[in-house]
Amino acid sequence: MTTYAGLKVAADEHWRDLTEGERPWVRVGTAICGHAAGALDTVAALRAKLDSSDIDARVDEVGCLGICFAEPLVDVTMPGGARLFFCNVGVGDVDEIVDGYLKTGTIPSEGVIGYLAEDGQSPIEGVADMGDLPQIGRQRCVALRNAGTTAPADVYQYLARGGYAGLNRALTAMQPDEVIEEMKSSGLRGRGGAAFPTGLKWSFMTKGENPKYILCNCEEGDPGAFNDKTILESDPYTTMEGMTIAGYATGASNGIIFIRHGHDGPIDRTEAAIRQAYETGLLGENILGTDFSFDIEVSLTGESYVAGEETAFMEAVEGHRSMPRARPPFPAAFGVWGRPSTINNVKTLSYAPSILEHGAEWFSGIGVNKSTGTAIICLSGNITYPGLYEVPMGLTIGEVINEIGGGVPEGRSLKLLQTGGPLGGVLGGQSTEVHLDFDEMSAAGAILGSGGIIVADDRTCAVDLTRVLVAFCQFESCGKCFPCRLGTTNLLEIVERICRHEDRPGDVELMKKLGKTMQAGSLCGHGQLGFNPIESAIKHFESDFRTHMEEWRCPTGSCRRPAYAPVNTRPFAEVPIGEPTAPVELAPELAGR
Ligand SMILES: Cc1cc2nc3c(=O)[nH]c(=O)nc-3n(C[C@H](O)[C@H](O)[C@H](O)COP(=O)(O)O)c2cc1C
Ligand code: SF4
């Protein structure tokens, strides 16, 4: 019979062997950011070099530490020592790491970003402490506590670092309703967009016969969001343990992790972790020797943004086209295959193990107001240090952008922020005092949503960016209900003609009317929120719109009227054709669209 105590003893021994044993331990970040930076070539070169040398070192592929700008990131733990991190390691840098540091202990003068020491470990002389970097030191990792540190499919590494302590406490010392109370007291709110209280959601599904389902949402189709996939890629056990806790609390027998297809890193690593969890008695019958049994499987979506909406998600799991269902009935009563179901985001579920391990009070002590815990921010765009940063709720957006992200590069100024995915809306550059707080952000006219913050500098045209967001919403509309299907198409037509300086009198009023109809009449959040990007852009960047509509020019030169386009409402002579008023220098992420 598998017991938690037995597994923990084996895990601690395994960890001692990794960190204090005879062999150096080399970890290479190969999550999506490392992958994009060439880490798969780096790790292959590293293994080949070690095979041809007389050095006996263990190499593990790990996930993302958050500092995506430093990828490929390689770190070496000499027996009993601290971790020394080499950044932006290309294939050509591998010899120096192996022949230099691993063989002789020589630290190269370039390419080292710092060291990280655990309790009792000595600093590495002459090297910066990574904890002093704001990108590391200002993080407060809960859901991402193992990311970049443990190998994603080595359950013993997860157990050694406190994994399954939360589930063990729930199964052996708590009744299911006590687990739900603990979640309610923690103040945890869903991280999938709507910020609904998680404990309350779980309490809706305590009745009813099995099979009941815990559904984990890793569709994550928002441009600029990569946190859910990174969690599964870096530490799938955290999410799986959270699902198992949710299963125990609600009396559910089954879990399904729904991942957007084509993302092989999260898919493969989650499936490998599930296999190992079955082998070690952490899934299946009588988990950890108790009466509780729970199964988890992976299901894949097609490429559809709307498949992340909870009822469309259930249609997709059932093998149908992912179109939302009308509610009621709600998922807790009639979910996947008509069975009671509870759906949560990856991040939401990944907090549960730490809440159960350390207690609700510990979790609610992090954060601010009714936004407890941490925010997991995907920072991208015109920013010096793009990355994935888990920070306490309550930090200001300015602290995230300027202190952690290093501000806007190349001496440019901050113009706008696109937060919470395409439906979330935009904030102006003056919004840096807004706090990471669900309610404060929504009062400011944007949402924290999935945690993506895309930073745009002064070369960005707010109208042009709005066009891109509206085009996304129009393309992704599933077409089931007409207010969204036609509304997004009409909105796009209008924004496109504003970009072409062919707007008609009353276009802004018309967009507002369309937005109201979409909000009132659409079946799901996609159409209901579809006017957000336009509404928030007009609120914060009215002058950009005015310049397009009253002066018929684009303030940044991004929008140019094609020479062939017909002119609808203005005398031809009044329209400046092909004469941008500023140098046509597009921000890199806007170029090529
Ligand atoms: C168009 C649309 C797309 C969505 N996509 C996602 C998604 O990719 N991931 C996600 O967790 N929630 C997504 N949601 C929100 C889900 O419907 C649901 O509220 C969420 O998964 C619940 O989890 P939570 O309570 O943990 O936040 C989307 C909602 C809409 C309207
Ligand atoms: S609101 Fe849009 S995405 Fe949602 S069901 Fe209607 S058409 Fe589909």
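One can find the structure itself at the top, above this paragraph.
Residues numbered from 1 in each chain as written. Chains lettered and ligands numbered in written order. Predicted model: local features only at pLDDT ≥ 70, side-chain atom pairs only at ≥ 80, totals over all residues. Heavy atoms only, no water.

Looking at the pattern of salt bridges
On inspection of all chains with the given rule, the structure shows 32 salt bridges. Across the pair aspartate 154 and arginine 58 runs a salt bridge, and its minimum N-O distance is 3.6 Å. Of this pair, aspartate 154 sits in the loop between helix 5 (134–137) and helix 6 (155–160) while arginine 58 is found in strand 2 (residues 58–62), placing the two residues 96 residues apart along the sequence. Taking relative accessible area as the criterion, aspartate 154 reaches 10% and is therefore assigned buried. The residue lysine 415 makes a salt bridge to aspartate 544 at a minimum N-O spacing of 2.7 Å. One end of the pair, lysine 415, is in strand 14 (residues 414–419); the other, aspartate 544, is in helix 23 (residues 542–550), and 129 residues separate them in sequence. Overall, lysine 415 belongs to the buried group, its relative accessible area being 15%. A network of salt bridges, in which partner residues are shared, links Arg27, Asp75 and Arg83. (Salt bridge = Lys/Arg side-chain N within 4 Å of Asp/Glu carboxyl O. Helix = DSSP H or I, 4+ residues; strand = E, 2+ residues; numbered from the N terminus. Buried < 20%, exposed > 50% of the residue type's maximum accessible area, 1.4 Å probe, protein only.)

Thoughts on the site of ligand 2
By nearness alone, 13 residues border ligand 2, and Cys478, Lys480, Cys481, Cys484 and Cys524 come closest of all. Considering only residue class, the shell around ligand 2 consists of seven nonpolar, five polar and one charged. (Near = heavy atom within 4 Å. Nonpolar A, V, L, I, M, F, W, Y, C, P; charged D, E, K, R; others polar.)

Some details on the packing of helix 11 (residues 236–250) against helix 14 (residues 346–358)
Axis separation between helix 11 and helix 14 bottoms out at 7 Å; the angle between their running directions is 75 degrees. Classified by the interaxial angle, the pair formed by helix 11 and helix 14 is roughly perpendicular. Between helix 11, through Thr238, Thr239, Glu241, Gly242, Met243, Ile245 and Ala246, and helix 14, the contact on the second element is made entirely by Val346, Leu349, Ser350, Ala352, Pro353 and Leu356. Tallied by class, the residues present in the contact of helix 11 with helix 14 amount to eight nonpolar, four polar and one charged. (Axes fitted to C-alpha atoms, helices over the stretch in contact; angles between N-to-C directions. Parallel < 35°, antiparallel > 145°, perpendicular 65-115°, else oblique. Contact = heavy atoms within 4.5 Å.)

Description of the site of ligand 1
Close contacts around ligand 1 come from 18 residues, with Gly192, Lys201, Glu220, Asn345 and Thr348 the closest. Within the backbone of glycine 192, an N or O atom sits 2.8 Å from an oxygen atom of ligand 1. In this structure, an oxygen atom belonging to ligand 1 sits 3.0 Å away from a side-chain N or O atom of asparagine 344. Considered on its own, ligand 1 offers 610 Å² of accessible surface; in the complex 90% of this is hidden by protein. (Polar contact = N/O pair within 3.5 Å; in protein donor to acceptor, adjacent residues only side chain to side chain. Areas by Shrake-Rupley, 256 points an atom, 1.4 Å probe, with all protein chains shown as cover.)

Notes on helix 4 (residues 94–104)
The α-helix advances 3.6 residues per turn, and as a result positions three or four apart in sequence lie on the same side. Among the residues making up helix 4, those that are buried are Val94, Ile97, Val98, Gly100, Tyr101 and Leu102. For helix 4, the elements touching its buried residues are strand 1 (25–29), helix 3 (39–51), strand 3 (74–77) and strand 4 (83–86). Of the residues flanking the end of helix 4, it is glycine 105, one or two places downstream, whose phi is positive at about 80 degrees.

Concerning a nonpolar patch on the surface
On the surface, Phe196, Leu200 and Phe204 cluster together into a nonpolar patch covering about 260 Å² of accessible area. Tracing the backbone through its elements, the reader meets phenylalanine 196 in the loop between helix 8 (176–186) and helix 9 (198–203). (Patch = residues over 30% accessible without salt bridge, like charges linked within 9 Å, V, L, I, M, F, W, Y side chains within 5 Å.)

Side note on the packing of aromatic side chains
Applying the stated criterion to the full structure yields 13 aromatic pairs. Following the ring pairs from residue to residue traces out a cluster consisting of Tyr158, Tyr164 and Tyr237. Positioned above the aromatic ring of tryptophan 25, the side-chain terminus of arginine 27 is 3.6 Å from the ring centre. (Phe/Tyr/Trp six-rings, centres within 6.5 Å; stacked < 30°, edge-to-face > 60°. Lys NZ or Arg CZ within 6 Å of the ring centre and 35° of its normal.)

Some remarks on helix 14
Most of helix 14 sits out of view: 11 of its 13 residues are buried. The set of residues buried in helix 14 consists of Val346, Lys347, Thr348, Leu349, Ser350, Tyr351, Ala352, Pro353, Ser354, Ile355 and Leu356. With a side-chain oxygen positioned 2.7 Å from the backbone nitrogen of lysine 347, the residue opening helix 14 is asparagine 345. Positioned one or two residues after helix 14, glycine 359 has a phi angle of 100 degrees, which is positive.

As for the nonpolar core
If you look at the biggest cluster of nonpolar residues, it comprises 68 residues, and the most contacted ones within it are Tyr164, Trp202, Met240 and Phe294. It is helix 11 that contributes the most residues to this core, seven residues altogether. Apart from the residues within four sequence positions on either side, tyrosine 164 is in contact with Tyr4, Val155, Tyr158, Leu159, Tyr237, Met240, Glu241 and Leu282. In this structure, Leu379, Ile404, Phe438 and Met441 belong to the second largest nonpolar core, which totals 35 residues. (Core = buried A, V, L, I, M, F, W, Y, C linked by side-chain atoms within 4.5 Å.)

Re the environment of cysteine 473
Within the secondary structure, cysteine 473 sits in helix 18 (residues 462–476). With relative accessibility at 1%, the residue cysteine 473 sits in the buried group. As a C-alpha pair, cysteine 473 and glutamate 71 span 402 residues in sequence and 32 Å in three-dimensional space. Contact partners of cysteine 473, with chain neighbours within four places excluded, come to Leu423, Thr488 and His526.

Concerning the state of the cysteines
Inspection of every chain in the model, using the stated rule, returns zero disulfides. The cysteine cysteine 218 is free of any disulfide, with cysteine 216 supplying the nearest cysteine sulfur at 6.6 Å. (Disulfide = S-S within 2.5 Å.)

Remarks on the side chain of asparagine 217
Tracing the sequence through the fold places asparagine 217 in strand 6 (residues 213–218). Among all residues touching asparagine 217, those that are not within four sequence positions of it are Asp228, Phe258, Gly308, Phe313, Ile343, Asn344, Asn345 and Val346.

Re the sheet that holds strand 9 (residues 341–345)
What the four strands build is an open sheet, ordered 8-7-6-9; its pairing is parallel. Only two strands of the sheet have a single neighbouring strand rather than two, namely strand 8 (295–301) and strand 9. Taking the axes of each pair of neighbouring strands and ignoring which way they run, one obtains an average angle of 25 degrees across the sheet. Relative to strand 7 (residues 254–260), strand 6 runs parallel, the two sharing six bridges. Considered in strand 7, the bridge of asparagine 217 is made with phenylalanine 258. Sheet strands in contact with helix 11 are strand 6, strand 7 and strand 8, and its direction is about 150 degrees off that of strand 6. Sheet contacts for helix 12 (residues 264–279): strand 7 and strand 8; angle to strand 8, the most-contacted strand, approximately 165 degrees. (Pairing = 2+ DSSP bridges.)

Points about the sheet that holds strand 15 (residues 426–428)
Spatially, 13-12-16-14-15 is the arrangement adopted by the five strands of the open sheet, whose pairing is mixed. At either end of the open sheet lies a strand with only one pairing partner, and these are strand 13 (387–392) and strand 15. Each strand axis lies, on average, 30 degrees off the axis of its neighbour in the sheet, ignoring direction. Of the pairings in the sheet, the one linking strand 12 (residues 374–381) to strand 13 comprises six bridges and is antiparallel in character. Bridging from a neighbouring strand, isoleucine 376 pairs with glutamate 390 of strand 13.

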